[in-house]
Structures are given as structure tokens and as C-alpha cells.
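Coordinates in review
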Amino acid sequence: MTDKTDMTPELTLTPNAPTEAAAAVAPAAPSAPKLTLDSTAVTPEDAAAAQKARDEHAIKLDESQLTEAERKMVDDFSRKIDITDTNLVLQYGAAAQKNIASFSETALNNVRTKDLGEIGNALAGLVGELQHFGQEEKKGVLGFFQKKKNDISAMKAQYSKAEVNVDKIVAMLENHQVTLMKDVAMLDHMYDLNTKYYKELTMYILAGKKKMERTRSEDLEALRKKAAASGTQEDAQAYNDLANMCSRFEKKLHDLELTRMISIQMGPQTRLIQNNDALMLEKIQSSLANTIPLWKSQMVLSLGLEHSRQATAAQNAVTNMTNELLQKNADMLKMGTLETAREAERSVVDIQTLQHTNQQLVSTLDEVMKIQTEGAQKRREAELELGRIEGELKRKLLELRS
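These numbers were taken from a predicted model, which means no experiment stands behind them.

1. Thoughts on the overall build of the protein
Counting its regular elements, the protein contains eight helices and zero strands. Reading the secondary structure of the protein in the N-to-C direction produces α-α-α-α-α-α-α-α. Put simply, the protein has 402 residues, and 27% of those count as buried. Long-range pairs, those at least 24 residues apart, make up 91% of the contacts in the protein between residues at least 6 apart in sequence.

2. Let's talk about the packing of aromatic side chains
Note on aromatic pairs: each is described by the distance of the centres and the angle between the planes. Under the counting rule described, the total for this entry stands at four aromatic pairs. In this structure an aromatic cluster arises from ring pairing among Phe-77, Tyr-92, Tyr-204 and Phe-249. Seen from the ring of Tyr-191, Arg-271 lies directly overhead, with NZ or CZ sitting 3.7 Å from the centre.

3. So, a nonpolar patch on the surface
Residues Val-348, Val-349, Ile-351 and Leu-354 make up a contiguous nonpolar surface patch of roughly 420 Å² in combined accessible area. Here Ile-351 lies in helix H8 (residues 351–401).

4. Concerning helix H2 (residues 68–80)
Here H2 is 13 residues long and its end C-alpha atoms lie 19 Å apart, about the 18 Å a rise of 1.5 Å per residue gives. Restricting attention to buried positions, one finds in H2 the residues Glu-70, Val-74, Asp-75, Phe-77 and Ser-78.

5. Some points on the nonpolar core
Core analysis: the biggest nonpolar cluster contains 25 residues, and Phe-77, Ile-81, Tyr-92, Tyr-204, Phe-249 and Leu-256 have the highest contact counts within it. Going through the elements one at a time, H2, helix H3 (86–91), helix H4 (94–109), helix H6 (144–230) and helix H7 (233–345) are the ones with two or more residues in this core. Ranked by the residues each element gives to this core, the list is headed by H6, at eight residues. Membership of the second largest hydrophobic core comes to 12 residues, among which are Ile-169, Val-170, Leu-180 and Val-184.

6. Here we look at the pattern of salt bridges
All told, the structure shown has 14 salt bridges when counted by the stated rule. Residue Glu-68 is joined to Arg-71 by a salt bridge in which the shortest nitrogen-to-oxygen separation is 3.8 Å. Residue Glu-68 and its partner Arg-71 are located together in helix H2, separated by three residues, close to a single helical turn. By relative accessible area, which is 59% here, Glu-68 ends up exposed. Residue class for Arg-71 comes out partly exposed when judged on its relative accessible area of 30%. Of the charged contacts in the structure, one is a salt bridge between Asp-75 and Lys-210, with a shortest N-O distance of 2.8 Å. In this pair, Asp-75 is assigned in helix H2 and Lys-210 in helix H6, connecting sequence segments 135 residues apart. With a relative accessible area of 18%, Asp-75 lands in the buried category. Residue Lys-210 is classed as partly exposed on the basis of its relative accessible area of 21%. Each of the salt bridges in this network shares a partner with another, and the network as a whole consists of Asp-75, Arg-79 and Lys-210.

7. Re the confidence of the model for the protein
Looking at the protein as a whole, its pLDDT mean stands at 76, while 70% of the residues score no less than 70. Considering only residues more than four positions removed or in separate chains, one finds that residues 17–34, a stretch of pLDDT under 50, has 37 contacts. Low pLDDT, under 50, characterises residues 137–146; the stretch is placed with seven contacts to residues that sit more than four places away or in other chains.

8. Some thoughts on the environment of Arg-216
With respect to the helices and strands, the residue Arg-216 is situated in helix H6. C-alpha separation for the pair Arg-216 and Cys-246, spaced 30 residues apart in sequence, amounts to 7.8 Å. Beyond its immediate chain neighbours, meaning those up to four positions away, Arg-216 contacts Glu-221, Cys-246, Ser-247 and Glu-250. At a separation of 3.0 Å, a polar atom in the side chain of Arg-216 contacts the side chain of Glu-250.

9. Brief notes about the side chain of Gln-274
Here Gln-274 lies in helix H7. With a relative accessible area of 10%, Gln-274 lands in the buried category. Only 2.5 Å separates the side chain of Gln-274 from the side chain of Arg-271, close enough to count as a polar contact. Discounting chain neighbours no more than four positions away, the residues touching Gln-274 are Val-184, Leu-187 and Asp-188.

10. Regarding the environment of Ile-205
With respect to the helices, strands and loops of the structure, Ile-205 is situated in helix H6. Between the C-alpha atoms of Ile-205 and Leu-256, which are 51 residues apart in sequence, the distance is 6.8 Å.

Reading guide: rules and limits
- Residues numbered from 1 in each chain as written.
- Predicted model: local features only at pLDDT ≥ 70, side-chain atom pairs only at ≥ 80, totals over all residues.
- Heavy atoms only, no water.
- Helix = DSSP H or I, 4+ residues; strand = E, 2+ residues; numbered from the N terminus.
- Buried < 20%, exposed > 50% of the residue type's maximum accessible area, 1.4 Å probe, protein only.
- Contact = heavy atoms within 4.5 Å.
- Phe/Tyr/Trp six-rings, centres within 6.5 Å; stacked < 30°, edge-to-face > 60°.
- Lys NZ or Arg CZ within 6 Å of the ring centre and 35° of its normal.
- Patch = residues over 30% accessible without salt bridge, like charges linked within 9 Å, V, L, I, M, F, W, Y side chains within 5 Å.
- Areas by Shrake-Rupley, 256 points an atom, 1.4 Å probe, with all protein chains shown as cover.
- Salt bridge = Lys/Arg side-chain N within 4 Å of Asp/Glu carboxyl O.
- Expected span 1.5 Å × (residues − 1).
- Core = buried A, V, L, I, M, F, W, Y, C linked by side-chain atoms within 4.5 Å.
- pLDDT = per-residue confidence, 0-100.
- Polar contact = N/O pair within 3.5 Å; in protein donor to acceptor, adjacent residues only side chain to side chain.

Here's what the structure looks like:
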């Protein structure tokens, strides 16, 4: 935390550039005017009641906000103010106003965005990796033993990649944490500076009001009476000049009151931003202390579970293979035994074979007998035919001789 700057206000009639630089988040810009088509009119009675309520809660600017030493400083300073000095009126309170302006400009130039966009993208990528961490590829279970021996190596490589990304995020969070801590300290310093500027503006305004009160009640009233008594143009002009100077000085005081209100608003704005930074610091600290170690421990547990899962799967595969072999051998044994038993119970020659052989033999004999019978018949017929042929030949020969 930075040391607090001396908060004692200083009043001056010769303003210089502020010597203290501030860095803070710029106060929120006033909201843009809004137009409405709502025709609901506010009655004068409601407006008067609302104004009365506002007046009851209005804070009166007086010396009750100052210490005894500050009251004396205001009183002494008010006696040094010369309303007739045009340059003094023009520069009155300018130092405090310039401090506020410099405060706002420097805060705007040093504003930092706390949305963690880069870290958010890295976290989203890491979450994607963690969601797929340790998941088995959807390629079936063929080649189980050849495939499983590479799974642990692939998972370890996946763990290494995720671990590298986690470490990067840790470094980013730590860097952002340091930045936020610096901003919180800086905003503390800025709040103290703003309090000092606010007090200075208050004292300038009170000193000016005291001077205005004395000038109007004493100097201006004396000039009015003198002009009324003498009736001369010079006295009347002198009264009018002083009245105009009082009017310009009152406008200057009003400008200072507006600047003071800006300073008042910047106080809670600074604290709100500082509180947001503090909440973000707590969130980052929680991530570093809890979330990140939890991620790493869960990834380590995933590796251990993968070891156990693969060992169980391998044992299950061996058991399934053993059961399949036993069932297959039992089936083959049953088939072989039954075939052997059937073969052992068969005769050397099946009765069906003998029956078939006998049927074929009988059929063959029948066919042979039929063929023999037909052959004998054909031979007998051939002998008769040969006799007829021979007789015809003889007759033909006898006919040739006669």
C-alpha cells in the first residue's frame, strides 16, 4: 500500500499546475437524456412535495465540516480576496479545479479493463481439453491388446498438454493478480487525493461565500447608500461595477460547487472500482488456491483410474477368451465323441448296403436271363431266316440253268 500524501489543504490566490499525479478509473459519465412518450403529467402538488422532500434532505455547505484550524484558515483567506481584481476572480479556485481535472484525465488514461478476456479464452480451451481428457477413441475393441498398450502413453501426452495450459493460466492469473493489487493501492492513494481536493474546494467555496457576504452587506451596501445620497453618475457606476463583480464571483463560486460535486461523486466511484478489484483478487486467489490444484489432482486421479480400468479390461478380455476357448473345446469334444461312438456302433457292412447289393444282384441276374432268352429266340429266328435265304438262292440258280 502506498503511503498517504499529506492531506492538509492549501489555499492560494496564485494557482499553479498540480504537483501530484493520480491514476484511477475514470468516474462514470453522466447518463444521456431520455425521451419518453408517456403522457402521465406530474401535478404541481406532487412536484412541490417531491421538492420539499429533496430540500429536507439537502446538505447545507457550512464550516461545520471543518476543523478549528481550517476555519481560521478560511477566515484569514477570505479577507485576502479582492473581488475587484478581475484576474483574481478569474483564477479563484483554479488550482483545485485543475487538480480535479488532472485527476480525471490521468484516471481515464490509466483505466484498465478487468474482464480477463485472454484468461477467459485460455480457460475455455482448457475446459474443452479437460472434458475430453481420458476419453477412449470410438474405434471399437478389435486388436484390444495391440491398442491398449498405447492408450496410457497417449493419455500421459494429453495430461502433459493440459498441464502446460494450466501452468500458463496460473502465470496469467498471478500477473493479473499483481496488477490488481497495484490498482487497489493506487485507488487508495487516489481516494486520499480526491478527499484532499474535495476539502480544498470546500474551503475555497466557504471563503468565497464569506467574502461575498461581507462585500454585499458592507461594501456594496455602502456604495448603494452613497450613490443614493450623492446622485452622481460616478457613484452609481461604482455601485453597479461592484454589483457586477459580485455577480461574476458568485458564478465562479457556483462553478466551484459543480466541481466539488464531481469530486464528491468520484469518492464512491473510486471505492466501487476498488471493491470490484478486491473481489476479483479474491476470486483469482480462490482459483489459484483451490480450482487449479483441484484440476491437477483430478487429472492425476484420471490417470490412476485409467490404469485400473485398463488392467480390469485386460483381465476381462483374458477371462472372456478363456471362456470362449473352453466352450469351443467342449463343443468340439462333444462332436468328436459322438462321431466316434456312432462309428464304433456301426457294422462292418451296413444292412442297407447288403440289401442294395442283393437287389442289384437279383436285378442283374434277371436282366441276364432275359437277355439270354431273347438271344436264343433271335438265334432261332435267324436259323429259319438263313434257311429261307438259302432256298431262295437255290431256286434262283436252278432257274439260270434251264
